[in-house]
Amino acid sequence: CDSFFDSTDNIVRITGVQMEVGSQATPFEHRSFGEELALCQRYYFQEIKNQYGALCSGRTFNSKTPHFAYPFPVAMRTLPSVAELGTGGLGVWYVSGSFASVAGAAFYQEDSGQTDVQNVSLVFDAVSALTDAAPIMLAAATNDDGIGFDAEL
């Protein structure tokens, strides 16, 4: 008879466990995948696209600064940090049909005490090829590029 402990390659998978503090057990919490995903996205959300895949639209302002209204799928816990993901970076499509790289992702925020954020204004460093007050679209420069938002504790 083989024993589970005969090899270090054996795996145990456990699911449906709820840990309790104290001596009084509470009813098991059943959450749907959608509920659990929404709870996780309050702390972290990322969007990855293939080359030239659109992330959001916006316009230029104040000396050719790309500005985007970016909606999160759920309200985040607090204003997150923002990071460009992938190796090619991000860029903007602009009126002439050209593509220009962007860098320096940050939030434009009028209220520094803002919490429970769902819609943010995302800005990048100025791009000389752009013109003021022109429509633009934020997109991935190469495959598997995107943007990530982190509001961890």
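This text follows the structure it describes.
Caption draft 1: Representation of the packing of aromatic side chains in the model. If you walk through the whole model with that rule in mind, you get 10 aromatic pairs. Taking 5.0 Å as the distance between ring centres and 45° as the angle between the ring planes, the aromatic pair formed by Tyr 70 and Phe 149 counts as tilted. In this pair, Tyr 70 is assigned in strand β3 (residues 65-71) and Phe 149 in strand β10 (residues 145-150), connecting sequence segments 79 residues apart. Residue Tyr 70 shares its accessibility class with Phe 149, and that shared class is buried. Ring geometry for Trp 93 and Phe 99: centres 5.1 Å apart, planes at 65°, overall edge-to-face. Residue classification places Trp 93 among the partly exposed residues on the basis of a relative accessible area of 25%. Look at Phe 99 and you get partly exposed, because its relative accessible area is 25%.

Caption draft 2: Inspection of a nonpolar patch on the surface at higher detail. Residues Phe 4, Phe 5, Val 12, Ile 14, Val 17 and Met 19 make up a contiguous nonpolar surface patch of about 760 Å² in total accessible area. Along the polypeptide, Val 12 turns up in the segment before α1 (33-41).

Caption draft 3: Highlighting unusual backbone geometry. With a phi close to 65°, Tyr 52 is a non-glycine residue in the positive phi region. Of note, the phi angle at Ala 133 is positive, near 60°, even though the residue is not glycine. For Ala 133, the position within the fold is in the loop between β8 (119-123) and β9 (135-140).

Caption draft 4: Spotlight on the sheet that holds strand β1 (residues 44-49). Read from one edge of the open sheet, 3 strands run β1-β10-β4, paired in antiparallel fashion. What marks the edges here is a single partner per strand, and that holds for β1 and β4 (81-85). Strand-to-strand twist across the sheet, computed as the mean angle between neighbouring axes with direction ignored, equals 10°. Both β1 and β10 contribute to a ladder of 6 bridges, which runs antiparallel.

Caption draft 5: Summary view of the environment of Phe 61. Looking at the element boundaries, Phe 61 is found in strand β2 (residues 54-61). With 74 residues separating them in the primary sequence, Phe 61 and Pro 135 have C-alpha atoms 9.9 Å apart.

Caption draft 6: Geometry of the pattern of salt bridges. The full count for this structure, using the stated rule, is 3 salt bridges. The shortest N-O distance in the salt bridge between Glu 29 and Arg 31 comes to 3.1 Å. On the basis of relative accessible area, Glu 29 is assigned to the partly exposed category, the value being 48%. What makes Arg 31 partly exposed here is its relative accessible area of 44%. A salt bridge links Arg 31 to Glu 36, with the nearest nitrogen and oxygen atoms 3.4 Å apart. Each member of the salt-bridge network shares a partner with another, and the members are Glu 29, Arg 31 and Glu 36.

Rules of the game
Residues numbered from 1 in each chain as written. Predicted model: local features only at pLDDT ≥ 70, side-chain atom pairs only at ≥ 80, totals over all residues. Heavy atoms only, no water. Phe/Tyr/Trp six-rings, centres within 6.5 Å; stacked < 30°, edge-to-face > 60°. Helix = DSSP H or I, 4+ residues; strand = E, 2+ residues; numbered from the N terminus. Buried < 20%, exposed > 50% of the residue type's maximum accessible area, 1.4 Å probe, protein only. Patch = residues over 30% accessible without salt bridge, like charges linked within 9 Å, V, L, I, M, F, W, Y side chains within 5 Å. Areas by Shrake-Rupley, 256 points an atom, 1.4 Å probe, with all protein chains shown as cover. Salt bridge = Lys/Arg side-chain N within 4 Å of Asp/Glu carboxyl O. Pairing = 2+ DSSP bridges. Axes fitted to C-alpha atoms, helices over the stretch in contact; angles between N-to-C directions.

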